[in-house]
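# Architecture at a glance
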2 protein chains.
Amino acid sequence: MKKFHQPGVKPYLITKSLNPENQETPIQFINNNIVDGNLFYRRNHFSYPHFTSSFYFLPIHGFVHTPRTFSLQEIYSLPSRTIKVVLECSGDKRDFFEPKAFGEQWEKGAISQGIWKGVSLRTLLQYTGVIDAAKELVFEGYDYGERPDSDQMVNFSRSLPIEKALEPDTIIAYEYNNQPIPFKHGFPLRLIVPGWYAMASVKWIKSITVIDKEFKGPYQTVDYVYYPNKEDDSGKFPVTTINVNSTIQYPLNRQLLTTGLYHIKGIAWTGKGSIDKVEISLDDGHTWETCQLTSTSEKYSWVSWNYQWEVLKKGEYTIKSKATDSHANVQPSKPFWNRKGYGYNAVDHIKVKVE
Amino acid sequence: MKKFHQPGVKPYLITKSLNPENQETPIQFINNNIVDGNLFYRRNHFSYPHFTSSFYFLPIHGFVHTPRTFSLQEIYSLPSRTIKVVLECSGDKRDFFEPKAFGEQWEKGAISQGIWKGVSLRTLLQYTGVIDAAKELVFEGYDYGERPDSDQMVNFSRSLPIEKALEPDTIIAYEYNNQPIPFKHGFPLRLIVPGWYAMASVKWIKSITVIDKEFKGPYQTVDYVYYPNKEDDSGKFPVTTINVNSTIQYPLNRQLLTTGLYHIKGIAWTGKGSIDKVEISLDDGHTWETCQLTSTSEKYSWVSWNYQWEVLKKGEYTIKSKATDSHANVQPSKPFWNRKGYGYNAVDHIKVKVE
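Bear in mind that the values here come from a model prediction, so they are computed numbers and not experimental data. All residue numbers refer to positions counted from 1 along the written sequence of the respective chain. Labels follow written order: the first chain is A, the first ligand is 1, and so on. Residue-level local features of this predicted model are given only where pLDDT is at least 70; pairs of side-chain atoms are given and counted only at 80 or more, and the full residue set underlies all totals for whole chains, interfaces and linings. Side-chain descriptors were evaluated using all non-hydrogen atoms of the structure, hydrogens and water having been removed beforehand.

## Looking at the sheet that holds strand β22 (residues 303-311) of chain B
All names here are of chain B. In this scheme, strands are said to pair when DSSP sees at least two bridges between them. A run of H or I in DSSP becomes a helix once it reaches four residues, and a run of E becomes a strand once it reaches two; helices and strands are each numbered from the N terminus. Here we have four strands laid out as an open sheet, ordered β16-β18-β22-β21, and antiparallel in their pairing. Strands with a single pairing partner mark the edges of an open sheet, and in this sheet they are β16 (245-250) and β21 (292-293). As judged from the two bridges shared by β21 and β22, these two strands associate in the antiparallel manner. Among the inter-strand pairings, Q292 is bridged to a residue of β22, identified as N306.

## Let's talk about the interface of chain A and chain B
Contact residues are listed per partner, giving 52 residues for chain A and 52 residues for chain B. Both sides together, the interface formed by chain A and chain B hides about 4,400 Å², and carbon and sulfur atoms give 65% of it. A side-chain nitrogen of Lys or Arg and a carboxyl oxygen of Asp or Glu constitute a salt bridge if their distance falls within 4 Å. For the pair chain A and chain B, the number of links is two salt bridges. Contacts described as polar in this section are N or O atom pairs within 3.5 Å, which, within protein, must combine one atom able to donate a hydrogen with one able to accept it, while residues neighboring in sequence count only if both atoms come from side chains. Counting the contacts that link chain A with chain B gives ten residue pairs in polar contact (both at pLDDT 80 or more). Of all the secondary structure elements, the ones that give two or more residues to the side of chain A that touches chain B are β1 (14-18), β2 (21-24) and β24 (348-354) of chain A. Contact between two residues is taken to exist if any of their heavy atoms lie within 4.5 Å; hydrogens are not considered. By buried area we mean how much accessible surface two parts lose on assembly, using a 1.4 Å probe and totalling the loss over both.

## So, the UniProt feature "domain: Oxidoreductase molybdopterin-binding" (unreviewed entry) in chain A
UniProt positions are given in the numbering used here, feature names are shortened, and annotations may be inferred rather than shown by experiment. Within this structure's numbering, the places UniProt gives as "domain: Oxidoreductase molybdopterin-binding" (unreviewed entry) are residues 45-218 of chain A. End C-alpha atoms of residues 45-218 of chain A are separated by 12 Å, and the span's content is 11% helix alongside 37% strand.

## Focus: the relation of the copies chain A and chain B
When chain A is fitted to chain B, the residual RMSD is 0.0 Å, and the transformation amounts to a turn of 180 degrees plus an axial shift of 0.0 Å. Read as a symmetry element, the transformation amounts to a two-fold axis. Every residue of chain A has its C-alpha some distance from the rotation axis, and the shortest such distance is that of A:I14, at 2.7 Å. A high fraction, 100%, of the interface residues of chain A reappear at the interface in chain B, so the copies pair face to face through one surface. A least-squares fit on C-alpha atoms brings the copies together, and the residues used are those whose pLDDT is at least 70 in both copies.

## Thoughts on helix α2 (residues 121-128) of chain A
A:L121, A:T123, A:L124, A:L125 and A:T128 are the residues of α2(A) that are buried. Downstream of α2(A) by one or two residues, A:G129 has phi in the positive range, about 70 degrees. Whether a residue is buried, partly exposed or exposed follows from its accessible area with a 1.4 Å probe, protein chains only, as a fraction of its type maximum: under 20%, in between, or over 50%, in that order.

## Examining unusual backbone geometry
Residues and elements named next belong to chain A. Following E98, the chain continues to P99 via a peptide bond in cis, the omega torsion being -5 degrees. If you trace the backbone, P99 turns up in the loop between β6 (81-88) and β7 (111-120). A positive phi is found at Y224, a non-glycine position, where the angle reads about 60 degrees. Residues other than glycine seldom take positive phi values, yet A328 does so here, at roughly 65 degrees. Along the polypeptide, A328 turns up in the loop between β23 (315-325) and β24.

## Comments concerning the domain arrangement of chain A
Residue and element names in this part refer to chain A. Delimitation of the domains relies on an automatic or database domain assignment. Domain parsing of chain A yields domain 1 (14-223) and domain 2 (245-354). For domain 1 and domain 2, the distance between their C-alpha centres works out to 29 Å. Between domain 1 and domain 2, the residue contacts involve 33 residues of the former and 30 residues of the latter. Three residues, K93, F97 and K108, lead the burial of domain 1 against domain 2; their summed loss comes to 23% of the area buried on that side. Applying the counting criterion to the domain 1 and domain 2 interface returns three salt bridges. The salt bridge involving D223 is made with K340; its shortest N-O contact spans 2.7 Å. Among the elements that make up the side of domain 1 that touches domain 2, the one with the highest residue count is β6 (four residues).

## Quick look at the packing of aromatic side chains
Residues and elements named next belong to chain A. To pair, rings of Phe, Tyr and Trp, with the six-membered ring standing in for Trp, must have centres within 6.5 Å; the planes then decide the type, stacked if under 30 degrees apart, edge-to-face if over 60, and tilted in the middle. Evaluated as defined, the whole model comprises 51 aromatic pairs over all chains. Note on F51 and Y142: the rings are 4.2 Å apart at their centroids and 20 degrees apart in plane angle, and the pair reads as stacked. In this pair, F51 sits in the loop between β3 (42-43) and β4 (57-62) while Y142 sits in strand β8 (residues 136-145), placing the two residues 91 residues apart along the sequence. Taken together, Y48, F51, Y56, Y142, F183 and W204 form an aromatic cluster joined through their ring pairs. Ring-over charges, as used throughout, are those where CZ of Arg or NZ of Lys falls within 6 Å of the ring centre and within 35 degrees of the ring normal. A cation sits over an aromatic face here: R339 above Y227, 4.5 Å from the ring centre.

## Some remarks on the side chain of A:Q331
All names here are of chain A. With respect to the helices and strands, Q331 occurs in the loop between β23 and β24. Accessibility expressed as a relative area gives 3% for Q331, which makes it buried. One polar contact links Q331 to S246, side chain to side chain, over a distance of 2.6 Å. In terms of polar contacts, Q331 uses its side chain to reach the backbone amide nitrogen of A323, at 2.8 Å. What Q331 contacts, discounting residues up to four positions off in sequence, is V244, N245, S246, S321, K322, A323, N345, A346, V347 and D348.

## As for the UniProt feature "domain: Moybdenum cofactor oxidoreductase dimerisation" (unreviewed entry) in chain A
When the UniProt feature table is mapped onto this chain, "domain: Moybdenum cofactor oxidoreductase dimerisation" (unreviewed entry) is found at residues 239-354 of chain A. Across residues 239-354 of chain A, the secondary structure splits into 0% helix and 48% strand, with the terminal C-alpha atoms separated by 40 Å.

## Some remarks on the side chain of B:S246
Residue and element names in this part refer to chain B. Its location among the elements puts S246 in strand β16. According to the relative accessible area criterion, S246 is buried, its value standing at 0%. Reaching out from S246, the side chain makes a polar contact with the side chain of S321 at a distance of 2.8 Å. Excluding its chain neighbours within four sequence positions, the residues that come into contact with S246 are K93, I267, A268, W269, W305, S321, K322, A323, Q331 and D348.

## Quick notes on the pattern of salt bridges
All names here are of chain B. As enumerated under the stated definition, the model contains 42 salt bridges over all chains in all. A salt bridge links R147 to D149; its shortest N-O distance comes to 2.8 Å. The exposure class of R147 is buried, given its relative accessible area of 8%. We classify D149 as partly exposed; its relative accessible area is 45%.

Here is the structure:
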């Protein structure tokens, strides 16, 4: 006799485009502070790269005393560093800008968090040394393709100022959640730059070049730049640190509820310091109350929060969440509009109806 | 030597809620006129039901001459009917109402299409006969749960007027795309009511009861009812036939393009008759041109359409699509707002930027 069991019900990635593959994490349905590799959001500029892992070596050259090429075995054998890090696409929540910004219409899920293990970049640089004139490090990925503003193929490349590159938590990672990094997330080596939006965390690192000037690649000076004006480039400045932010996970926007007791829950994060406070409003921002943080807020990682809401009166409620970090940065009520739609971090809000 | 291959890149269902499971089809990424079972949108009112397939029988009783219980073997052995049918949730596109309607925030993917095979309901009714006083047939599903407006457990039940029930294309289906119906979509038997929104196509049929009055179950008289007014129930009327509709699949909303030649593509469908015409506007509705239908439009199924667009001038473009069916129903420019957000069928529109 065959019995029907309750079939597995699970969330999936949310497809934004397939070529290149851009899919977001179903963040409302992530109950864990560690996102499984297969639900980690995927954000690519190009097709996935082809290269041969057995020939994989990491060269560090340019303005160094001793150019060097590291094998994976060498990298694995060096002292390691393991950190829990939020990676957030700088286009996360782009869909919520008004007026709308063009580009991938990320909702709230271009963000994931997990445990990255690797070697501090500064450890590798101790082997090569760095010439005094060095100013930036350029990280080239194996991924490449066409850009509308170029008639040549371009690799995805980004730079870091030398001070940021030398921070002990800037690592060349080889594991995610105790496993080799999934190919789609940068196997075998991915740069992890905690606290910066994730365009900085270059996947499939092909080479590291130390340079004595500012890097001018298109992913440094054309994209990933805040343009505050719609029609011209005045006032532009680069995208770097993650803005203080929060997301309500439950209830869902436009959910129908009945009177009773609810646990409103969500996450909050920042690129600088840690989260000090998350406040919630149940009356569209007129009054605010403090949420409970369900764990200690740590540098680089999101903190989960919740709030017990007893709702006795039927009607419509606008629920807002607002995080404050240890540098006193607070989510603004309105986002900072910019043409390419980066860094959205306005107070989160949903609306529910109690029937 | 290990080589990296381009890893499989594929779309997934888009999670709207997990309990009950509501996930929509990634309709922008469906290139086929037949949706695979695992990308068919899932819309449930309750948890998935438990029942024992080896004890499965379908009773037809009530206002009939000879009440009867059919085994699956009997049903499989009767003359079959195979039809390509659009199933669309009446809440499809609810997310686009302004003011917003509460409930599951379906975007454009609460719709799927495929090949259903089964026996005409009228064939089964020839075995039982129907008493003259019969007015409606009630289809009860195995799925049940709580409702806020009831202190008893309720099964999902819906009725059809006897005339609709007797149409030859109203079938008791047992196959989808030449396979047994997937459990999540109603195995072993699902009512298929072509041309009606999919709440009528009851899954996991437990029983069919012929009644001599109008059925008053909550999924007939509370939900799946158009309420044109926000504050009171005046002017209400039931949700039945699918409205004429169309969806632009490519380009994506807010996509960045370069100048060049594009194939704009999409689908169009209606509950009554077939699609006569799909028009497209590239200038926010000022002028309209006729699209090419890529197949003959058939009753009950969507038709794919495309339009070759050569864009030479940079700028922002609002693209709209508008379908007309063989009963001269045309998509309106504004949706018919109703409190529970059913039957959205305004002209579809997206905006792209050509750089």
